[in-house]
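What follows is each chain in one-letter form.
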Amino acid sequence: MPLPTKSLPAAESVAGELAVATATVVAAGRGVAPEPGAVNDRGIGAVAVGRAVNGEVIAADRGAGGDHGVPAVRPGDGLAAGPHPVELAGLLHELSVRMLGADDVPQALYRLAAFVAGAVPGVLRCSVALIGEGGPPVLAASGARAKALDDRQYGTGHGPGLEAARNRVLVTAGDLQSDPRWPELAECARAEGVHGIVSFPLDVQRTSVGSLSLFVAQPGGIAPELLLTTMAVVNQAEVLLGELRRREGLSEGATVDRAAGVIIAQRGCGVQEAYDVLRETSQRLGMDRRAVAERLIAAAARNAEG
């Protein structure tokens, strides 16, 4: 059904541990959707990603990628390798500053998309969709490239981003132009020059779900290290979006409380009755309570000035 319309010795010694910790965080509550024909014997495990990239299994066992259990990477797999752990820490800090400085969640999503597009080499476009209860998805993207492909996906209600959001799994396509799962996207992918796509589930607890998708021009997708990097960024973004939602809730609560006070003063009614009036007015006008409360406060201020 169509839907309406982000050379220090000490650092060297912890590189493996940080990569393992990153994968461990991502592992909670998530699986991996393999590409057609790919081998996926583990999903996301307790210490690292065990999945197929370019049709070959990447081992997640200790010793396969070094003493720390980091996934083994073959030269030429996907795009460039991910950042050093110290750089990753810097990326997460910068992301936090940018998103927490946003005025609202939609602006934070645009900042997230632009940030990820700049942080992961070879990305044509990063798009983010956040779907709340009872409303259309909030969409944000890093630029105009591959926009038609995004529009097609969300217009038809089928595609990697929506599958990641609905099934809470990491969805990959090494070559979207010939992927049998979404034939309706193939022609558009060819026209846009898009080959690989990776969609990460995005979960803001108790408020909304969604996905973050990376579109790349190079066949074969993204290197495993960059998958881990992006997973770490997505996990951080989920925490930051949760905090922004919490702030919005506090702000909304304060506005509704002020409006209830205005109603009590005007009508001489009780507290519960004032909140009932706000709720009923909101339902009747088809507006959320905050919007109704803001209008009521503004009207009261104009009357006071007059």
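Cut-off values and rules
- Residues numbered from 1 in each chain as written.
- Predicted model: local features only at pLDDT ≥ 70, side-chain atom pairs only at ≥ 80, totals over all residues.
- Heavy atoms only, no water.
- Helix = DSSP H or I, 4+ residues; strand = E, 2+ residues; numbered from the N terminus.
- Buried < 20%, exposed > 50% of the residue type's maximum accessible area, 1.4 Å probe, protein only.
- Core = buried A, V, L, I, M, F, W, Y, C linked by side-chain atoms within 4.5 Å.
- Contact = heavy atoms within 4.5 Å.
- Salt bridge = Lys/Arg side-chain N within 4 Å of Asp/Glu carboxyl O.
- pLDDT = per-residue confidence, 0-100.
- Pairing = 2+ DSSP bridges.
- Axes fitted to C-alpha atoms, helices over the stretch in contact; angles between N-to-C directions.
- Parallel < 35°, antiparallel > 145°, perpendicular 65-115°, else oblique.
- Left-handed = near helix turned anticlockwise from the far one by under 90°.
- Nonpolar A, V, L, I, M, F, W, Y, C, P; charged D, E, K, R; others polar.
- Expected span 1.5 Å × (residues − 1).
- Arc of directions from axis to C-beta.

Topic: the environment of glycine 174
And step 1. By the element assignment, glycine 174 lies in the loop between strand 8 (169-173) and helix 7 (183-192).
And step 2. The buried category is assigned to glycine 174, whose relative accessible area is 13%.

Thoughts on the nonpolar core
Among soluble globular proteins, nonpolar side chains are generally buried collectively.
And step 1. Leu112, Val116, Phe200, Leu212, Leu214 and Leu241 are the most contacted members of the largest nonpolar core, which totals 40 residues.
And step 2. Only helix 3 (85-100), helix 4 (105-119), strand 6 (123-132), strand 9 (196-204), strand 10 (208-216) and helix 8 (224-267) provide two or more residues apiece to this core.
And step 3. Every residue in contact with leucine 241, bar those within four places of it in the chain, is listed here: Met99, Val105, Ala108, Leu109, Leu202 and Val204.
And step 4. By size, the runner-up hydrophobic cluster in this structure holds 15 residues, among which are Leu149, Val169, Ile197 and Phe215.

Side note on the pattern of salt bridges
And step 1. This model, assessed by the stated rule, comprises seven salt bridges.
And step 2. Salt-bridge contacts for arginine 181 lead to aspartate 179; the nearest nitrogen and oxygen are separated by 2.7 Å.
And step 3. Here arginine 246 makes a salt bridge to glutamate 243, at a shortest N to O gap of 2.8 Å. Separated by three residues within a single helix, arginine 246 and glutamate 243 lie in helix 8, roughly one turn from each other.

Looking at the confidence of the model for the chain
And step 1. Mean pLDDT for the chain: 74, with 72% of residues reaching 70 or above.
And step 2. For residues 1-79, every residue scores under 50 in pLDDT, and the model assigns this stretch 167 contacts once sequence neighbours within four places are set aside.

Some points on the pairing of strand 10
And step 1. The buried count for strand 10 comes to eight of nine residues, which makes it a mostly enclosed element.
And step 2. As defined by bridge partners, strand 6 adjoins strand 10 across nine bridges and the pair is classed as antiparallel. Along strand 10, the bridge assignment pairs isoleucine 131 with valine 209.
And step 3. Here strand 9 pairs with strand 10 via nine bridges, running antiparallel. Opposite isoleucine 197, over in strand 10, you have phenylalanine 215 as the bridge partner.

Topic: the packing of helix 8 against helix 10 (residues 289-305)
And step 1. Where helix 8 meets helix 10, the axes come as close as 8 Å, and the angle between the chain directions of the two elements is 45 degrees. By the criterion of interaxial angle, the relationship of helix 8 to helix 10 is oblique. In this structure, helix 8 crosses over helix 10, and the sense of that crossing is left-handed. Each of Glu248, Ser251, Glu252, Thr255, Val256, Arg258, Ala259, Val262, Ile263 and Gln266 in helix 8 lies in contact with helix 10, whose residues at this interface are Arg289, Arg290, Ala293, Glu294, Leu296, Ile297 and Ala300.
And step 2. Classifying every residue of the contact of helix 8 with helix 10 gives eight nonpolar, three polar and six charged.

Let's talk about helix 10
And step 1. An ideal rise of 1.5 Å per residue puts 24 Å on 17 residues; helix 10 measures up with 24 Å between its terminal C-alpha atoms.
And step 2. Restricting attention to buried positions, one finds in helix 10 the residues Val292, Ala293 and Ile297. Viewed end-on, helix 10 has its buried residues packed into an arc of 130 degrees, placing them on one side of the element. Set apart from the buried face of helix 10 by more than 90 degrees, the exposed residues are Arg295, Arg302 and Glu305.
And step 3. For helix 10, the elements touching its buried residues are helix 8 and helix 9 (271-285).

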